[in-house]
Amino acid sequence: MILVDSTIVSVATPTIMETFDADVPAVVWVTSAYLLAYAVPLLITGRLGDRFGPKRVYLTGLVVFTAASLWCGLTGTIEQLILARVLQGFGASMMTPQTMAVITRTFPADKRGRAMSLWGAVSGVAMLVGPILGGVLVDSLGWEWIFFVNVPVGVVGSVLAMRLVPDLPTLSHRFDLVGVALSAAGMFLLVFGIQEGGTYDWGTITGVLTVWRLIGAGLVVLVLFVVWQAVNRAEPLVPLALFKDRNFTLSNVAITSVGFAITAMAFPLMLWAQAVRDWSPTQAGLLLVPMAVVASALAPWVGALADRVHPRLLASTGLAAFVVALVWLSSVMSPDAPVWQILLPIALLGVANGFMWAPIASTATRNLPMSSAGAGAGVYNTTRQVGGVLGSAAIAALMEARLTAELRVEGGVSGAGGTAVPEAAREGFSAAMSQSLLLPAVVLGFGLVAVLFYQRPRHLRTVGAVR
């Protein structure tokens, strides 16, 4: 439910734009606000699970998330919707680290791969089916139902969690409030600067404040955050000692690139399908069916391999397939491309997702001590969401720039509106959207390089499993 909401808005973007008479930079904030409110608190909510028990924090987050979902569907302005999404993201941030921490603390190292593969498979498939589910709901019931659907799921989830999630021992923690403030401020400045850069033509926002100064300030604050974590002798928000484990560090690099790509690829693809091909939200969402089906079929098999095969082989296969699929998809996105030419690279995206989620997730925490389970899960999920936030912001800026260049009009994406573009503009619009897909492909390259340097996990060394 949480991860569906990371991508479900993408297919409803044209409808929301039309309903609220908003431009794309404004409506992209519906996703970015959620991702930002999700990402920033993850560092501390992982610790909250250690301190008060993951089950208790999980249930609290589920109540907040469900109530915020109801608010989202009842809003009457784009500003209210963005505020409701902030609250929804905060509820999500309380839940996610607890799921990973419970798995880490419950399963022994040699069994954790299969358990984490199910966690990873649900994560991957959920982010993929968001646009599919969103399209069906928008066409049949209205855009509000992409949020209302969470309410019954949240109620059932609460009952099941109370009955089935184990109560685990709690650990005493002190909270790094300075670290929370620095990380939140740095992320907001960076994301706002990237996402709104096109709105201000990458120039002055007000007075002496420019877009580039805002981005630079965000980077400086984030550097100060890292320095503070290094010198904080009490209990830092991010224990830098976690990064002494090479596999943990590399997994965070990889999952950041994956979060970036999964979020970024949805916007140009869904806008192209609806604005250029004039497909309904349901038809646009159904484009991703091959990806979801293939990923779901592969996930159990890859999960069984995750405890026996070097994670380098599995993760690199998935990330390489992801890069190839995006480049391939970019090359065939044209106004008159046959549907089967679009579906083939999307099916390859399913192969990518089937192979990459489980090995990256299980490798990240496999070697961490149990006392660091909450902190490790918080950092891992934070980096994934940071990738998603940056992907959302960067793809909005790139689409704006490419549309301005290809259509040679001011307004970029904002001028695309929420309906089909004129026949004369479809070639340029297609070119802009296809070029935008190359950005997540480039970013995934960093994740691919990272997983190639995975060390052999300890449990494989002891059982003599194949490389």
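Residues numbered from 1 in each chain as written. Predicted model: local features only at pLDDT ≥ 70, side-chain atom pairs only at ≥ 80, totals over all residues. Heavy atoms only, no water.

Peer 1: When you look at the environment of W212 in this model, what are you seeing that I'm missing?
Peer 2: With respect to the element layout, W212 can be found in helix α10 (residues 211-231). Owing to a relative accessible area of 56%, W212 belongs among the exposed residues under this scheme. (Helix = DSSP H or I, 4+ residues; strand = E, 2+ residues; numbered from the N terminus. Buried < 20%, exposed > 50% of the residue type's maximum accessible area, 1.4 Å probe, protein only.)

Peer 1: Help me understand the side chain of Q88 in this model?
Peer 2: With respect to the element layout, Q88 can be found in helix α5 (residues 78-106). Apart from residues lying up to four places away in sequence, Q88 is in contact with D5, Y34, F65, A68, S69, C72, F147 and N150. (Contact = heavy atoms within 4.5 Å.)

Peer 1: How should the packing of helix α17 (residues 426-436) against helix α18 (residues 438-451) be read in this particular structure?
Peer 2: Each pair of packed helices can be described by the angle between their axes along with the distance between the axes. Taken N-terminus to C-terminus, the directions of α17 and α18 make an angle of 10°; their axes are 4 Å apart at the nearest point. Classed by the angle they form, the pair α17 and α18 counts as roughly parallel. Within the contact between the two elements, α17 uses S434, Q435 and S436 and α18 uses L438, L439 and P440. For the contact of α17 with α18, the class distribution of residues is 3 nonpolar, 3 polar and no charged. (Axes fitted to C-alpha atoms, helices over the stretch in contact; angles between N-to-C directions. Parallel < 35°, antiparallel > 145°, perpendicular 65-115°, else oblique. Nonpolar A, V, L, I, M, F, W, Y, C, P; charged D, E, K, R; others polar.)

Peer 1: Which parts of the structure should I look at to understand helix α8 (residues 150-164)?
Peer 2: Each α-helix turn comprises 3.6 residues. Residues three or four places apart therefore point the same way. In a regular helix each residue adds 1.5 Å, so 15 residues correspond to 21 Å; α8 covers 20 Å between its end C-alpha atoms and thus fits that length. For α8, every residue scored as buried is listed here: N150, G154, S158 and A161. One face of α8 carries all of its buried residues, which in axial projection span an arc of 80°. Residues of α8 that are exposed and point more than 90 degrees away from the buried face comprise V155, R163 and L164. (Expected span 1.5 Å × (residues − 1). Arc of directions from axis to C-beta.)

Peer 1: Please explain unusual backbone geometry as it appears in this structure.
Peer 2: A negative phi angle is the norm for most residues apart from glycine, just as the trans form is the norm for most peptide bonds. A positive phi angle, near 50°, is found at D21, a position not held by glycine. Topologically, D21 is positioned in the loop between α1 (4-20) and α2 (24-39). Looking at D21, the relative accessible area reads 73%, which means it is exposed. Positive phi is not limited to glycine here, since D278 has a value of about 60°. Inspection of the secondary structure puts D278 in the loop between α11 (246-276) and α12 (281-286).

Peer 1: Got a minute to help me understand α11 in this structure?
Peer 2: With 31 residues, α11 should cover 45 Å at 1.5 Å per step; its first-to-last C-alpha distance of 45 Å lies within 8% of that length. Within α11, 27 of the 31 residues are buried, which leaves it mostly tucked inside the rest of the structure. Once α11 ends, the next one or two residues include D278, with phi positive near 60°.

Peer 1: Just to check I follow, could you spell out the layout of surface pockets for this structure?
Peer 2: In this approach, a probe sized like a water molecule rolls over the atoms, and the result shows the empty space that is left. If you add up the space inside the largest pocket, you get close to 820 Å³. Forming the boundary of the largest pocket are 27 residues, of which Y58, M95, T99, W119 and V122 lie nearest the centre. Among the secondary structure elements, those contributing two or more residues to the lining of the largest pocket are α4 (54-74), α5, α6 (109-140) and α8. Among the elements that make up the lining of the largest pocket, the one with the highest residue count is α5 (6 residues). Taken as a whole, the second largest pocket spans an internal volume of roughly 640 Å³. Lining the second largest pocket are 22 residues, with F225, T256, T382, T383 and V386 positioned closest to its centre. Looking at the lining of the second largest pocket, the elements with two or more residues in it are α9 (177-196), α10, α11 and α16 (373-407). A per-element tally of the lining of the second largest pocket places α16 first, with 5 residues. For the lining of the second largest pocket, a count of residues per class yields 15 nonpolar, 7 polar and no charged. (1 Å grid on protein atoms, 1.4 Å probe; cavity = no way out; pocket = protein on both sides within 12 Å on 5 of 7 lines; lining within 4 Å. Points joined across faces, edges and corners; volume = space filled by probe spheres on them.)

Peer 1: Explain the domain arrangement of the protein chain here, please?
Peer 2: In terms of domain boundaries, the protein chain breaks down into domain 1 (1-176), domain 2 (177-233) and domain 3 (241-466). Between domain 1 and domain 3, the contact holds 54 residues from the first and 57 residues from the second. For the pair domain 1 and domain 3, the summed buried surface comes to about 4600 Å²; carbon and sulfur atoms form 73% of the total. In this structure, the connection of domain 1 to domain 3 is made through 0 salt bridges. Run the count over domain 1 and domain 3 and you get 4 residue pairs in polar contact (both at pLDDT 80 or more). (Domains from an automatic or database assignment. Buried area = accessible area lost by both parts, 1.4 Å probe. Salt bridge = Lys/Arg side-chain N within 4 Å of Asp/Glu carboxyl O. Polar contact = N/O pair within 3.5 Å; in protein donor to acceptor, adjacent residues only side chain to side chain.)

Peer 1: In this structure, what is going on with the side chain of S257? I would like to understand it.
Peer 2: Among the structural elements, S257 can be located in helix α11. Of the residues examined, S257 reaches a relative accessible area of 2% and is grouped as buried. Separated by 2.7 Å, the side chain of S257 and the backbone oxygen of A254 make a polar contact.

Peer 1: Explanation requested: the packing of aromatic side chains in the structure shown.
Peer 2: Any aromatic ring pair is given by two values, namely how distant the centres are and how the planes are angled relative to each other. Taken as a whole and assessed by the stated rule, the structure comprises 7 aromatic pairs. Considering the side-chain rings of W145 and F148, the 5.2 Å spacing of their centres and the 80° angle between planes classify their relative orientation as edge-to-face. On the criterion of helical spacing, the pair formed by W145 and F148 is a turn pair, its members being 3 residues apart in helix α7 (residues 145-148). The structure contains a cluster of three or more aromatic residues connected by ring pairs, namely F20, W143 and F147. Over the aromatic face of Y34 sits the side chain of R85, whose NZ or CZ is 4.3 Å from the ring centroid. (Phe/Tyr/Trp six-rings, centres within 6.5 Å; stacked < 30°, edge-to-face > 60°. Lys NZ or Arg CZ within 6 Å of the ring centre and 35° of its normal.)

Peer 1: Can you help me understand the nonpolar core in this one?
Peer 2: If you look at the biggest cluster of nonpolar residues, it comprises 116 residues, and the most contacted ones within it are F322 and I360. At 17 residues, α11 tops the list of elements feeding residues into this core. When near neighbours in sequence (up to four residues on either side) are disregarded, F322 contacts A261, I262, M265, L349, A352, M356 and L444. Formed by 10 residues, the second largest nonpolar core is a distinct cluster that contains L43, I44, L242 and L368. (Core = buried A, V, L, I, M, F, W, Y, C linked by side-chain atoms within 4.5 Å.)

Peer 1: I tried to follow the pattern of salt bridges on my own but got confused; where do I start?
Peer 2: The tally for this structure, following the rule as stated, stands at 1 salt bridge. One salt bridge in this structure joins E406 and R402, with 3.4 Å as the shortest N-O distance. Taken as a pair, E406 and R402 lie in helix α16 at a separation of 4 residues, close to a single helical turn. Judged by relative accessible area, R402 falls into the partly exposed class, the value being 27%.

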